[in-house]
Every structure is written in C-alpha cells, then in structure tokens.
Amino acid sequence: MITKKHLRVALVSSMIAGAAWAAYAFADNPASTPVAGAAATVVAGIPADQRQLVQQGQYLASAGDCIACHTAKGGKPFAGGLGIASPIGKIYSTNITPDKDTGIGNYTLEDFDQALRHGIAKNGVMLYPAMPYVSYAKVKPSDVKALYAYFMYGVQPASQANKAADIPWPLSMRWPLSFWRMMYAPPVVTDESSASNDPVLRGKYLVEGLAHCSACHTARAVTLQERSLTDDGKWFLSGGVIDGYLAKSLRGDVNDGLGSWSEAEIVEFLKSGRTAHSAAFGGMAEVVEDSTQHMSDADLTAIARYLKTLAPVAAGQKAMVYDDSAAKALRTGSGRGNGALTFLDNCAACHRTTGNGYGGTFPKLAQSTTINTADPTSLIHLVLLGGQMPSTRTAPTHYGMPGFDDRLTDRDVADVLTFVRSSWGNHAPAVSTEQVAKVRRAVGAAGQPKRAEND
C-alpha cells in the first residue's frame, strides 16, 4: 500500500530525478554534424501527398534543433545514443528515425504528439524532461503533423537500439515524473491561433515553442523547472547557467541583455554566429550552426522583433560610455597590475589594448553585454578552455580562442577578468579566485600551473 509518506518521497524523487534532466539537457559530446537545411537530407520515395508536408516538417525540425540531441557524435542522423549527463547519472537520447524495430516507425500521429508535447512515450512511460516538451506543448497541431510527416517519410531509418539510462534505483523510477509534469508542464495548445501573420506573435511562437529558448536562457527554481515559460517581466529569458556556461539574458537590459542590440544585429548573430561586437560560443555556437542559420530571414526577423519587446529586468540602466584610460595605461606601460600584465601577455594581440577587438573576427570586450553580466561563469569557462565560433554559410571561417587552463593560475584568471570587466567603460563585479577554482573543477579543465603564489 502506498502511504502519504511514500507519495511524498515519490514526489520529491520526481522533482530531483526528473527535473534534473531539464537543467542538464546538453550532452557531454554535443553533435556538430553539418546538415543540409540543418536537418538530415530528405530521403527519396516520399508519397506525393506528403511531399509538401515533409518539406515543412524538415524546416520545423531544423528550427527545433532536433538533431543536436538525437544524433551521437559520428552517428547516423536522429538515431539517438547521445549521452546527456546529470549529477545523478546519465540518460541517452532515443532513436527517432522511422525504423520499426528500434525507432518510432510504429508511432501513429497521436503517439508522436503524445511524446512531443505531452512527454509520454508510446508505451506509456514518462519521458525525462531533458526532452523539452514543456516548450513543445505550445507547438500548434498542424506543425506537429508536419514534423510527424518528416520523421516518418523524410528521415532515413536507422537500426540502432536505444541505450538504457545509467541511473541508480530509486531515482531511475519514471512514474514519479508524472507528478513533475502535472506541476510544471503547461496545457497543450489545441488551436491554430499562433499562425498569426504578425511578426512579433510569430517570433513569440518560435521562441516559446519549437526553438525552446527558455530551456537555457531562463533561470530555474529549486525543483529545477524553468521559473517562467512565457514573458513575466522578470524571469523569462533573463539568463541561466547550463553546461558550464551562462546563457545570457535576452531581455531589454542595455548592459547585459539585448537592450543595446538592434533588430538587425540579432538577425545577423542568429544567421552567422557573430556580429561586429559579439560572437556565439559554447552551446549557442552549436545552435547557430545546426539550427538558426538555416531559418528564413522572415522568421529570424520575427524572433528578433519579439525579443526586442521584452522589458529589462533592471529598469533605468544607463548605457555604458567608452573610457580610454585603460587603453592609455596599457600603451604607456603605466598599468602594472597582474590583471593588466596578464591581459597584455595573453589577450591584447587579438582583443587589442583598446578592448575593441576586430569586428567579426575577435570579439569586442569594451561595453560587451557578455563581459558585463553579473555572473562570470562563461568568461571563466572561455579563458580556461577556449572556444570556437560556428562555421556558417554567411561566415564560414572558423575562428577560435585557445584555452589557458595550463598557463594561467586561478589568480591570473580572476585578475585578468576583473581587469577586463572594469576597463574601457565596463562596469561588472570583480571575479574571485574561488569562482575560478569552482569553474575549473566543474568543466574538467587542467589544474592550475605550479607557481609560488599557489603554495
């Protein structure tokens, strides 16, 4: 007999084991397979009455970046097997090709919809919310039908058995996930109202639904669900840490959000992975490479226009003003602190003593919204392990930044980032050695080099 005590334990288990997957939905070895139209090439032999629907579904699968999680590194498209890590174990993405034995070839449209928008597999088992069905609940029925047509007729079947999750009992139990779903999943849309021709509403539909931007860019509560799934004026798209990076705020704050970005710059970023003052890195680089660069200009403009409607979290922020005192000190040699000297030795050649970098090649540090975020996690991660811009059709050159984990101590990293975050008009909190040490451990960077200062 299940007592109230057992029920409470099950509920807590669902909130810990289930919700964790939503917060750790990125794999340890993300796929970066180049794909035509950002989804797998449509196979031959599609029934005539399904061709248009398949083409529409291929575009939507690209917008949803389905290939990112459902393709293992070096594996066949959508055949699953990609490891998705969490603190309590690992699950593996499933085979969503139309193979009838190991994939979803036996799924009906209703089965497909139940999995995609409700989080329930064909056999009735609850899906881990690493599958962002809380966002896909907002996908309209006609788009679900198009996605189904694409995965049934436009994807090459691949015979590859699904891997069992590596999670110890009792956290491996799935039935408690139904409680998490009841508490945090929104109602599934049943109409086509989201088909509006208004660009802002189209952008809202894409951002909140298929693009599932909130999965990374919204902070999570103690039970690890997204604090908001739609614009609430505060939490929604205000930034969140995931996979060792800070997915920055997309709200209207001028210093650390998109308040200082133009609509055209947002479109350029999503299309090419870079602008004159910024560049995609980490998980966002993969999103651009596999997904957004393949979206239409109309949809990218709609996304940008919607994002520009989001109010700032901190009202009344004043725009930063460039200050050349740090540039002068670096040029004259009067800046003798460890942060300034570390910058000169390791950073100035690319980012320049002016902090202005080289537009589209080496990102600008002065008045950068990435530099001026309160949370320095991404910056520490980049200094330690480096990063690469995505290679896109409009900007194919694959620029990269080396990692300095084996060259710089925790003190060096903290000092140079504090210097950068307080120079050229930047105004962001100092970075501590404790923060650097924490990120160094979390991302698996090399231990700091042996120096007298470490003893």
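The notes below deal with the structure included here. Note that the coordinates shown come from a computational prediction; the quantities given were computed from them, not determined experimentally.

## Quick look at the overall build of the chain
Regarding its fold elements, the chain presents 18 helices and 6 strands. The buried share among the 455 residues of the chain stands at 52%. Sequence separation of 24 or more characterises 68% of the internal contacts of the chain that already satisfy a separation of 6 or more. Here the chain has roughly 20400 Å² of accessible surface; of this, 56% comes from carbon and sulfur atoms.

## Overview of the pattern of salt bridges
Inspection of every chain in the model, using the stated rule, returns 13 salt bridges. With a closest N to O distance of 3.0 Å, E208 and K138 form a salt bridge. Here K138 lies in the loop between α5 (133–136) and α6 (141–154) and E208 lies in helix α8 (residues 199–208), a separation of 70 residues in the sequence. Across the pair R220 and E226 runs a salt bridge, and its minimum N-O distance is 3.8 Å.

## Quick notes on the side chain of E208
A relative accessible area of 8% places E208 in the buried class. In this structure the side chain of E208 is engaged in a polar contact, spanning 3.4 Å, whose partner is the side chain of Y306. E208 has contacts with S135, K138, L229, T230, D231, F236 and Y306, leaving out every residue within four places of it along the chain.

## Comments concerning the nonpolar core
Counting residues in hydrophobic clusters, the biggest one holds 51 residues, and the most contacted among them are F78, F112, L147, F151, V207, L237 and L307. Ranked by residues supplied to this core, first place goes to α6 with 8 residues. In this structure, L330, V383, W424 and A445 belong to the second largest nonpolar core, which totals 28 residues.

## A closer look at the pairing of strand β2 (residues 89–92)
Going residue by residue along β2, you find G89 and I91 tucked away on one face and K90 and Y92 left uncovered on the opposite face. With 4 bridges joining them, strand β1 (residues 83–86) and β2 adopt antiparallel strand pairing. Among the inter-strand pairings, G83 is bridged to a residue of β2, identified as Y92.

## Considerations on the packing of aromatic side chains
Each pair of aromatic rings is reported with the distance of its centres and the angle of its planes. In the structure shown here, the tally under the stated rule is 14 aromatic pairs. Note on W180 and Y184: the rings are 5.4 Å apart at their centroids and 65° apart in plane angle, and the pair reads as edge-to-face. With a gap of 4 residues between them, W180 and Y184 both fall in helix α7 (residues 177–184), about one helical turn apart. This pair shows no difference in class: W180 is buried, exactly as Y184 is. Here the aromatic cluster, defined as three or more aromatic residues joined through ring pairs, consists of F78, F112, Y148, Y150 and F151. One residue, K140, lies across the ring of Y205, its end atom 5.4 Å from the ring centre.

## Digging into helix α18 (residues 433–442)
By the burial criterion, the buried members of α18 are V436, A437, V439 and R440. Take α18 and look down its axis: the buried residues cluster within an arc of 165°, on one side only. Across α18 from its buried face, at more than 90 degrees, point the exposed residues E434, K438, R441 and A442. In this structure, the buried residues of α18 make contact with α16 (377–385) and α17 (410–420). Positive backbone phi, approximately 70°, marks G444, located one or two places after α18.

## Some points on the environment of V125
Within the secondary structure, V125 sits in the loop between α4 (109–118) and α5. Residue classification places V125 among the partly exposed positions, given a relative accessible area of 30%. It is 7.3 Å that separates the C-alpha atoms of V125 and W175, two residues lying 50 residues apart in sequence.

Calculation rules
Residues numbered from 1 in each chain as written. Predicted model: local features only at pLDDT ≥ 70, side-chain atom pairs only at ≥ 80, totals over all residues. Heavy atoms only, no water. Helix = DSSP H or I, 4+ residues; strand = E, 2+ residues; numbered from the N terminus. Buried < 20%, exposed > 50% of the residue type's maximum accessible area, 1.4 Å probe, protein only. Contact = heavy atoms within 4.5 Å. Areas by Shrake-Rupley, 256 points an atom, 1.4 Å probe, with all protein chains shown as cover. Salt bridge = Lys/Arg side-chain N within 4 Å of Asp/Glu carboxyl O. Polar contact = N/O pair within 3.5 Å; in protein donor to acceptor, adjacent residues only side chain to side chain. Core = buried A, V, L, I, M, F, W, Y, C linked by side-chain atoms within 4.5 Å. Pairing = 2+ DSSP bridges. Phe/Tyr/Trp six-rings, centres within 6.5 Å; stacked < 30°, edge-to-face > 60°. Lys NZ or Arg CZ within 6 Å of the ring centre and 35° of its normal. Arc of directions from axis to C-beta.

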